[in-house]
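Observations on chain architecture
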Amino acid sequence: MKEMTDEEADYWDEYYTKNPPEIDPATNGGFAKKSFKMIAVDRLSENYLLTKALATHKTPTEIIGELVREKITASA
């Protein structure tokens, strides 16, 4: 594959700086227009979240939010 010239790299750098790509948060765990914090989960939790995300077409963040809301409601 041909490497980019410096001019091409400068062009694309400027282009994507001014026009960041839109990422759909509903697909592949994208984070566009949402703030997020990185969290660590164990392997079981990761597998559950990813399986549930694929089955429900939601992001892992949405699933965690639902679980937290359910827990808060149950304890109220």
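Before any of the text, the structure's been laid out above.
Residues numbered from 1 in each chain as written. Predicted model: local features only at pLDDT ≥ 70, side-chain atom pairs only at ≥ 80, totals over all residues. Heavy atoms only, no water.

**Regarding the packing of aromatic side chains**
Taken as a whole, this structure holds 3 aromatic pairs when the rule is applied. Ring centres 4.9 Å apart and planes at 80 degrees place the aromatic pair Tyr11 and Trp12 in the edge-to-face group. On the accessibility criterion, Trp12 (38% relative accessible area) is partly exposed. When the ring of Trp12 is compared with that of Tyr15, the centres are 5.6 Å apart and the planes differ by 85 degrees; the resulting orientation is edge-to-face. Placement of both Trp12 and Tyr15 in helix H1 (residues 6-18) is noted, with a separation of 3 residues, approximately one turn of the helix. In this structure Tyr15 comes out as partly exposed when scored by relative accessible area, which is 34%. (Phe/Tyr/Trp six-rings, centres within 6.5 Å; stacked < 30°, edge-to-face > 60°. Buried < 20%, exposed > 50% of the residue type's maximum accessible area, 1.4 Å probe, protein only. Helix = DSSP H or I, 4+ residues; strand = E, 2+ residues; numbered from the N terminus.)

**A closer look at the environment of Lys58**
Structurally, Lys58 is set in the loop between helix H2 (43-56) and helix H3 (60-75). Apart from the residues within four sequence positions on either side, Lys58 is in contact with Ala53, Ile63 and Glu66. (Contact = heavy atoms within 4.5 Å.)

**Looking at the pattern of salt bridges**
Tallying each qualifying case throughout the model produces 3 salt bridges. As a salt-bridge pair, Glu14 and Lys18 come within 2.9 Å of each other at their nearest N and O atoms. In this pair, Glu14 and Lys18 both sit in helix H1, 4 residues apart, roughly one turn of the helix. Lys58 serves as the salt-bridge partner of Glu66, at 2.6 Å between the closest nitrogen and oxygen. Its relative accessible area of 30% is what places Lys58 among the partly exposed residues. (Salt bridge = Lys/Arg side-chain N within 4 Å of Asp/Glu carboxyl O.)

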